Amino acid sequence: MASPDNKLINWGIIGTGWIAEKFAQGLSVLPDAKLKAVASRSVDRARKFAAQYHIDTAHGSYEQIALDPDIDVIYIATPHPYHCANTLMCLENGKAVLCEKPFAMNEREVLQMISKAREKKTFLMEAFWTRFLPSIEKTMELIASGEMGAVRHISSDFGVWRPFDPSHRAFNKLLGGGSLLDIGIYPVFLTLLLWGEPNLISAVPDIGSTVVDESLALIFKYDDGRIATLFSSFTVNSTVETHICGTKGRLKLNRWWHCPASLELTRGDNETQRIDPSYIGNGYNYEAEEVMRCLRAGKTESSILPLGFSLRLIRLLDRIRKEIGLVYAADEHE
Ligand SMILES: NC(=O)c1ccc[n+]([C@@H]2O[C@H](COP(=O)([O-])OP(=O)(O)OC[C@H]3O[C@@H](n4cnc5c(N)ncnc54)[C@H](OP(=O)(O)O)[C@@H]3O)[C@@H](O)[C@H]2O)c1
């Protein structure tokens with residue numbers, strides 16, 4: 001019999017794109033999660049998605065899923081400029097929300113979302129899946145252990161070549177295009193998590209014909225001399241590794257470091273130990289598990305990824321965008 005501790009949690013998904021599929025696959029390894037409904041702007045797309053992932057209900061509008069009485073929590077998988085409005089609609093109707101990264105387009109929108117969640121006393125979390133991966137926990141543990149000495153440098157890159165398509169959300173400014181908000185957010189997230197806000201930011205973008213950053217190089221400098229060098233791009237396939245360097249050793253988060261990945265710890269100059277954290281599922285299940293832990297405990301936010309962290313992250317992204325003069329329609333409301 002289901003106890004409150006393992007009560008089945010009914011999920012809904014808004015959007016039927018690339019990440020919605022990955023998340024549906026992630027949920028499928030959690031026995032106490034039921035993917036019960038999906039919503040699309042097109043009922044045909046909703047039905048197709050529902051058939052593929054054995055989902056009971058296919059809604060032909062986002063409004064319908066927000067009103068669906070069978071749903072406990074909604075995962076929002078639309079392009080960034082819709083995150084705020086989709087989240088507000090779900091919260092307004094008393095649904096808990098897990099919303100994709102970037103949480104929204106800017107600080108103003110994130111503040112609106114947080115304020116609505118608090119007004120409705122309803123759970124809200126950014127779907128920053130990397131935060132919940134065993135490799136990140138291990139990284140934090142190794143740094144805290146002092147094995148690497150004092151960490152002085154982080155280098156982290158995330159470059160994935162994409163064919164240029166001005167209508168695709170990666171390049172289309174109206175859909176929140178640009179490498180920073182899509183993939184550069186990962187190196188920025190990790191540096192913020194490990195070191196907090198930098199004292200100085202130097203940013204060099206390559207702005208393409210759709211007036212978004214197709215590549216972006218960042219340097220974060222801290223007053224005590226720590227430096228992070230970060231890079232994102234849609235024009236090259238970079239290593240997608242992170243190197244964390246200390247006075248006594250270094251840690252490498254291997255390729256696709258933001259996913260379930262292995263680590264390599266080097267002590268001194270040469271002795272390298274490979275660390276393979278064990279994973280289940282495709283990685284998206286970890287963030288979903290945290291949401292369900294919080295819902296069962298009656299919490300309205302996660303203590304691992306609190307709303308205050310998401311606010312600091314969007315403020316840092318806004319600060320970087322200011323450095324490179326990158327403005328979106330959502331900023332015009334300021
Ligand atoms: N955590 C991760 O690993 C990860 C990875 C990739 C993306 N993401 C995030 O997830 C979000 C979606 O990315 P994606 O790659 O899944 O995008 P996508 O493949 O383009 O899918 C987005 C979905 O949003 C819906 N949508 C609503 N309004 C839309 C519009 N005007 N144009 C296009 N689609 C619209 C569509 O679903 P319907 O037509 O069915 O309504 C579409 O299938 C982004 O914010 C991105 O940053 C996260």
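These remarks concern the structure in this document. (Residues numbered from 1 in each chain as written. Predicted model: local features only at pLDDT ≥ 70, side-chain atom pairs only at ≥ 80, totals over all residues. Heavy atoms only, no water.)

**Here we look at helix 5 (residues 107-120)**
Over its 14 residues, helix 5 extends 20 Å from the first C-alpha to the last, a length consistent with the 20 Å expected when each residue adds 1.5 Å. Its buried side turned inward, helix 5 meets helix 4 (83-92), strand 5 (96-100), strand 6 (124-127) and helix 9 (307-324). Looking one or two residues beyond helix 5, the residue adopting positive phi is Lys-121, at roughly 50°. (Helix = DSSP H or I, 4+ residues; strand = E, 2+ residues; numbered from the N terminus. Expected span 1.5 Å × (residues − 1). Contact = heavy atoms within 4.5 Å.)

**A word on the side chain of Asp-68**
By the element assignment, Asp-68 lies in the loop between helix 3 (62-67) and strand 4 (73-76). We note that Asp-68 is buried and unpaired, the nearest opposite charge coming from Lys-95 at a distance of 6.0 Å. Excluding residues within four positions of it along the chain, Asp-68 makes contact with Ala-37, Thr-57, His-59 and Lys-95. (Buried < 20%, exposed > 50% of the residue type's maximum accessible area, 1.4 Å probe, protein only. Lys, Arg positive; Asp, Glu negative; His and termini not counted. Salt bridge = Lys/Arg side-chain N within 4 Å of Asp/Glu carboxyl O.)

**With respect to the sheet that holds strand 7 (residues 151-159)**
Strand pairs in the sheet, formed through backbone hydrogen bonds, run parallel or antiparallel to each other. Read from one edge of the open sheet, eight strands run 8-9-10-7-11-12-13-14, paired in mixed fashion. Looking at the sheet topology across the chains shown, the edges are occupied by strand 8 (200-207) and strand 14 (271-275). The average undirected angle you get between the axes of adjacent strands in this sheet is 10°. Here strand 9 (residues 213-221) runs beside strand 10 (residues 227-233); their pairing, made up of seven bridges, is antiparallel. For Leu-218, the partnering residue across the bridge sits in strand 10 and is Leu-230. Relative to strand 8, helix 9 is tilted by about 60°, and along the sheet it contacts strand 8 and strand 9. (Pairing = 2+ DSSP bridges. Axes fitted to C-alpha atoms, helices over the stretch in contact; angles between N-to-C directions.)

**Points about the nonpolar core**
One finds Trp-11, Val-188 and Phe-220 to be the most contacted residues of the largest nonpolar core, which totals 109 residues. Counting residues per element, this core draws most heavily on helix 7 (residues 179-195), which supplies eleven residues. Counting only domains with at least three residues in this core, you end up with domain 1 (9-130 + 283-302) and domain 2 (134-278). (Core = buried A, V, L, I, M, F, W, Y, C linked by side-chain atoms within 4.5 Å. Domains from an automatic or database assignment.)

So far we have only geometry, and geometry alone does not tell us how the molecule works.
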